[in-house]
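These are the residues of each chain, in order.
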Amino acid sequence: SRTMGAMPTSLGAPRYAGVSVLGCAIAMVAVGGCAQGIGQLFAALVMGIARNPSMKEDLFTYTLIGMGFLEFLAIVVILISF
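Cut-offs used in this document
- Residues numbered from 1 in each chain as written.
- Predicted model: local features only at pLDDT ≥ 70, side-chain atom pairs only at ≥ 80, totals over all residues.
- Heavy atoms only, no water.
- Helix = DSSP H or I, 4+ residues; strand = E, 2+ residues; numbered from the N terminus.
- Expected span 1.5 Å × (residues − 1).
- Buried < 20%, exposed > 50% of the residue type's maximum accessible area, 1.4 Å probe, protein only.
- Axes fitted to C-alpha atoms, helices over the stretch in contact; angles between N-to-C directions.
- Parallel < 35°, antiparallel > 145°, perpendicular 65-115°, else oblique.
- Nonpolar A, V, L, I, M, F, W, Y, C, P; charged D, E, K, R; others polar.
- Patch = residues over 30% accessible without salt bridge, like charges linked within 9 Å, V, L, I, M, F, W, Y side chains within 5 Å.
- Areas by Shrake-Rupley, 256 points an atom, 1.4 Å probe, with all protein chains shown as cover.
- Salt bridge = Lys/Arg side-chain N within 4 Å of Asp/Glu carboxyl O.
- Contact = heavy atoms within 4.5 Å.

Description of helix H1 (residues 17-51)
Each turn of an α-helix holds 3.6 residues, which means side chains three or four residues apart point in the same direction.
Moving on, step 1. Between its first and last C-alpha, H1 extends 51 Å over 35 residues, near the 51 Å set by a 1.5 Å rise per residue.
Moving on, step 2. Among all positions in H1, only Ala27, Cys34, Gly37, Ile38, Leu45 and Gly48 are buried.

What follows is the structure, encoded as structure tokens:
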């Protein structure tokens, strides 16, 4: 008895191709959101430095911290999708 849409694997359990494609698509949308967040973060850094150049080091530190959080979010999303 074969299940429609299922692909056989070496372990014998059916693997549903549609579900994995859907998970990949959702993960790519989320990673795209993280990329947009990083772009906005650096745009805000440029505007902040343009307004107050003496705060350059502090603003850059905060930007790197924010980028670290966004990268962590992207990694978590990719791990969950698998």
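Anyway, onward from the coordinates.
Topic: the packing of H1 against helix H2 (residues 56-81)
Moving on, step 1. The interhelical angle for the contact between H1 and H2, taken along N-to-C directions, is 180°, at an axis separation of 9 Å. With respect to each other, H1 and H2 are oriented roughly antiparallel.
Moving on, step 2. Class assignment of the residues belonging to the contact of H1 with H2 gives a composition of 17 nonpolar, six polar and two charged.

A few points about a nonpolar patch on the surface
Moving on, step 1. Residues Met28, Ile78 and Phe82 make up a contiguous nonpolar surface patch of about 370 Å² in total accessible area.
Moving on, step 2. Mapped onto the fold, Ile78 is located in helix H2.
Moving on, step 3. Taking the relative accessible area as the measure of exposure, Ile78 reaches 33% and is therefore partly exposed.

Details of H2
Moving on, step 1. The end-to-end C-alpha distance of H2, which contains 26 residues, comes to 37 Å, matching closely the 38 Å that a straight helix rising 1.5 Å per residue would cover.
Moving on, step 2. Here H2 has its buried residues at Thr63, Gly66, Ala74 and Val77.
Moving on, step 3. Looking at the buried positions of H2, the neighbouring elements they touch are H1.

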